[in-house]
Each structure stands twice: as structure tokens, then as C-alpha cells.
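Structural features, examined
What follows is each chain in one-letter form.
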Amino acid sequence: MCRARHLAAVLNADSAAGAPARAGAQAGDPYADLARQIVRNSAAIKPGNVVWIVGGTTVVPFMDALGAEATRAGAAVELSLQSDRTIAAFFRDVPEKDLQASDSASTVIVRSQLLSDVVINLPALQDADTLINSILSDSVRFSKVMRIASASQRRFDAMRNNARTRFVNVNYPPSKTNVTKSGMDSASFDRMIRDAVTTDYDRINATGQRIKRLLETGKTIHVTSPDGGDFRLTLAG
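Along each chain, the written sequence defines residue order, and numbers are assigned to residues from 1. Whole-chain, interface and lining totals are the exception, using all residues; otherwise, since this is a predicted model, local features are given only for residues with pLDDT of at least 70 and side-chain atom pairs are given and counted only at 80 or more. With hydrogens and water set aside, each side-chain value is computed from the structure's full complement of heavy atoms.

**Comments concerning the overall build of the protein**
What counts as a helix is a DSSP run of H or I of at least four residues, what counts as a strand is a run of E of at least two, and both are numbered from the N terminus. Secondary structure summary: the protein contains 11 helices and 6 strands in total. Each residue's exposure class comes from its accessible area (1.4 Å probe, protein chains only) as a fraction of the maximum for that residue type: buried when under 20%, exposed when over 50%, partly exposed otherwise. By the burial criterion, 34% of the 237 residues in the protein qualify as buried. Contacts between residues were defined by any pair of non-hydrogen atoms, one from each residue, lying within 4.5 Å. Across the protein, contacts joining residues at least 24 apart in sequence account for 77% of those joining residues at least 6 apart. About 14,000 Å² of surface is accessible on the protein, with carbon and sulfur atoms providing 56% of the total. With residues, only the protein chains shown are counted as cover, and all accessible areas are computed by Shrake-Rupley using a 1.4 Å probe.

**Regarding the packing of helix 5 (residues 84-92) against helix 7 (residues 128-136)**
Their axes nearest at 10 Å, the elements helix 5 and helix 7 cross at an angle of 15 degrees. On the basis of their axis angle, the class for helix 5 and helix 7 is roughly parallel. Considering how the two elements wind past one another, helix 5 and helix 7 form a crossing that is right-handed. Facing I87, A88, F91 and R92 of helix 5, the residues of helix 7 in contact are L131, S134 and I135. Here the contact of helix 5 with helix 7 is built from residues that sort into 5 nonpolar, 1 polar and 1 charged. Structural elements are reduced to axes, namely lines fitted to C-alpha atoms, with helices fitted over the stretch in contact, and the angle between N-to-C directions of any two is expressed from 0 to 180 degrees. Angle categories: roughly parallel below 35 degrees, roughly antiparallel above 145, roughly perpendicular from 65 to 115, and oblique for all the rest. Left-handed is the label given to a crossing in which the near helix is rotated counterclockwise from the far helix by less than a right angle, and right-handed is the label when the rotation is clockwise. The classification used treats Ala, Val, Leu, Ile, Met, Phe, Trp, Tyr, Cys and Pro as nonpolar, Asp, Glu, Lys and Arg as charged, and all other residues, Gly among them, as polar.

**Comments concerning helix 11 (residues 201-217)**
For a helix, the expected span equals 1.5 Å multiplied by the residue count minus one. Its 17 residues place the ends of helix 11 24 Å apart at the C-alpha level, agreeing with the 24 Å of an ideal helix rising 1.5 Å per residue. Burial in helix 11 covers these residues: R203, T207, I211 and L214. End-on, the buried residues of helix 11 take up no more than an arc of 70 degrees, which puts them together on one face. In this structure, helix 11 carries D202 and E216 as exposed residues pointing more than 90 degrees from its buried face. Under this definition, polar contacts are N or O atom pairs within 3.5 Å; protein pairs additionally need one hydrogen-donor-capable and one acceptor-capable atom, and for neighbouring residues in sequence, both atoms have to be side-chain atoms. The backbone nitrogen of D202 lies 3.1 Å from a side-chain oxygen of the residue at the head of helix 11, namely D200. Think of the arc as the fan of directions from the helix axis to the C-beta atoms.

**Digging into the layout of surface pockets**
Empty space among the atoms can be located by rolling a probe the size of a water molecule over them. Size it by volume and the largest pocket reaches roughly 1,200 Å³. Around the largest pocket, the lining is made up of 34 residues, and of these Q82, I87, Q153, F156 and R160 lie nearest the centre. Counting residues per element, the lining of the largest pocket draws most heavily on helix 8 (residues 139-161), at 7 residues. Looking at the lining of the largest pocket residue by residue, the class counts come to 17 nonpolar, 15 polar and 2 charged. Cavity and pocket criteria rest on a 1 Å grid covering protein atoms alone: a 1.4 Å probe that fits but cannot get out defines a cavity, protein on both sides within 12 Å along at least 5 of 7 lines defines an open pocket, and an atom within 4 Å of a point defines a lining residue. Grid points are joined across faces, edges and corners, and a volume is the space filled by probe spheres set on the points.

**Digging into the pattern of salt bridges**
Between Lys or Arg on one side and Asp or Glu on the other, a salt bridge is scored when a side-chain nitrogen of the former is within 4 Å of a carboxyl oxygen of the latter. By the definition in use, this model includes 8 salt bridges. Notably, a salt bridge pairs E69 with R72, separated by 3.1 Å at the nearest N-O pair. In this pair, E69 and R72 are both assigned in helix 4 (residues 60-72), 3 residues apart and thus about one turn of the helix distant. Using a relative accessible area of 10% as the deciding quantity, one classes E69 as buried. A salt bridge links K212 to E216, with the shortest nitrogen-to-oxygen separation between them at 2.6 Å. Within this pair, K212 and its partner E216 are both found in helix 11, separated by 4 residues, close to a single helical turn. Using a relative accessible area of 41% as the deciding quantity, one classes K212 as partly exposed.

**A word on the pairing of strand 3 (residues 118-121)**
Two strands qualify as a pair provided DSSP detects at least 2 bridges between them. Pairing geometry for strand 1 (residues 50-55) and strand 3, over 4 bridges, is parallel. Bridged to W52 within strand 3 is V119. Note: strand 3 against strand 4 (residues 166-169), 4 bridges, orientation parallel. Counted as the bridge partner of V118 is R166 from strand 4.

**Comments concerning the packing of helix 5 against helix 8**
Packing of helix 5 against helix 8 leaves a shortest axis separation of 9 Å and a crossing angle of 105 degrees. When the interaxial angle is binned, helix 5 and helix 8 end up roughly perpendicular. Mapping the contact onto sequence places F90, F91 and R92 in helix 5 and R141, V145 and M146 in helix 8. In the contact of helix 5 with helix 8, the residues fall into 4 nonpolar, no polar and 2 charged.

**Structural notes on the sheet that holds strand 2 (residues 76-81)**
The strand order across the open sheet formed by 4 strands is 2-1-3-4, and the pairing between neighbours is parallel. Edge positions in the sheet fall to strand 2 and strand 4, since each of these pairs with one other strand and no more. Taken pair by pair, the neighbouring strands of this sheet meet at an average axis angle of 15 degrees, ignoring direction. The pairing of strand 1 with strand 2 spans 6 bridges and is classified as parallel. Bridging from a neighbouring strand, V54 pairs with S80 of strand 2.

Here you go:
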């Protein structure tokens, strides 16, 4: 029982810790804390690294925050902008006779990215469903484009697998498509994703290690809740 109380105290203390810091960071630049977490922990950017940041038109402020933070870390940074309109132009408007040439030229961009130490990918499309529906309306062209795109993806994956580049994919800020599919309102979905990304994973790891030690030395767990939950779990054997 003593260990159970100690376990609860560990969880409560750690869940409260760090909240003022997060709130304070978000009071200024809305992306500062998130950019700092990604640069320092997720991407582990070091002085002298070459960093390529890719994202769509709706995530430019986030790209800017990441670029500034990576620069402060001593990296050389390149920002690469994509857009719904540009991506849609390839799928819908490039003449069929030029599709292969256009796709092959994109290999140059991929090779350039693979010369960098880190590539951070942010959402490129704000409304993927609208683009997909417009492409599907022409099934013949869709089949031709997808054959080329699929072959390209396999080629690019092979290139990436043999590269030293670290890829960090951050699905934030959430796109219109993702918010709609979540069934949540935009603010709640945004907050859920942000809280997951900006949480202090070092603190979580430390808490996990403390709980691990308690479980390794304990014999029973007794858990209760204000709602009436009450159960015991035997650890030995």
C-alpha cells in the first residue's frame, strides 16, 4: 500500500510539473516551444548540421520558427515551400507526354535533400480530400499518374534508405482534412496534437524509470479512484 501511494505521488507530481513552463512559452510565439522541442530532441540538430525544412503555405510561421531555432543550434537551414496548387498541377495539368520528364526532374530535388543531415517534413497539403476527389474524377489519367508516382516513391524510398539523412515528420499544424476526419473541433484537435508533441519526454522517461523500479521491488499494487475504482494486482509470481 505504501508503494501504491508513492506511485500515485510520482504520477501526480510529474503531471503537474512543467505546466507553467509550457503555458509561458505559448504566451509568446505560438510555435517557439514546439520548434525548440523538435530541434533539440526529435531532430537532435547539432552545430554544423545542414537542415532542410519542407512544408505547405499554411505552415510558413511554423517553418520560420523551426528555421530560426535550428539556426540558433548552429545549423545551416534551407526552407522549401510546397502548395496545394503546385502539387495539384502535377496530378491534373501536366501534359501526359511530359509526366515522366517532370517526375524524373524531381529526383534532383530529392538528391539535394539527401545531402543534408536532417529533413523536417511538415504538412504540405491543407485540403487533401479536395485534391484527391478532383484527381479521381478522371480515372484514366489517375491510373497513368499513379503508375509514375508509385515508381517514383519506390525509387525515392531506396535513395532515402541508403542515405545518412535523418527524416523527422511532424503532422502539425493539423490540416483541414485531418481535423474533419478526427470528428473533433479544430481547437481541441490542435491542442491534443500540440500537447503530445511538446510534452517533456525526458520527464516521462524519468517517471517511467521510477515506476519500473517500484514494480521490480514491489509485491502488490493497490489502485483506487475518486469514482469508486478499487483493485489490487499481485506482482510476485
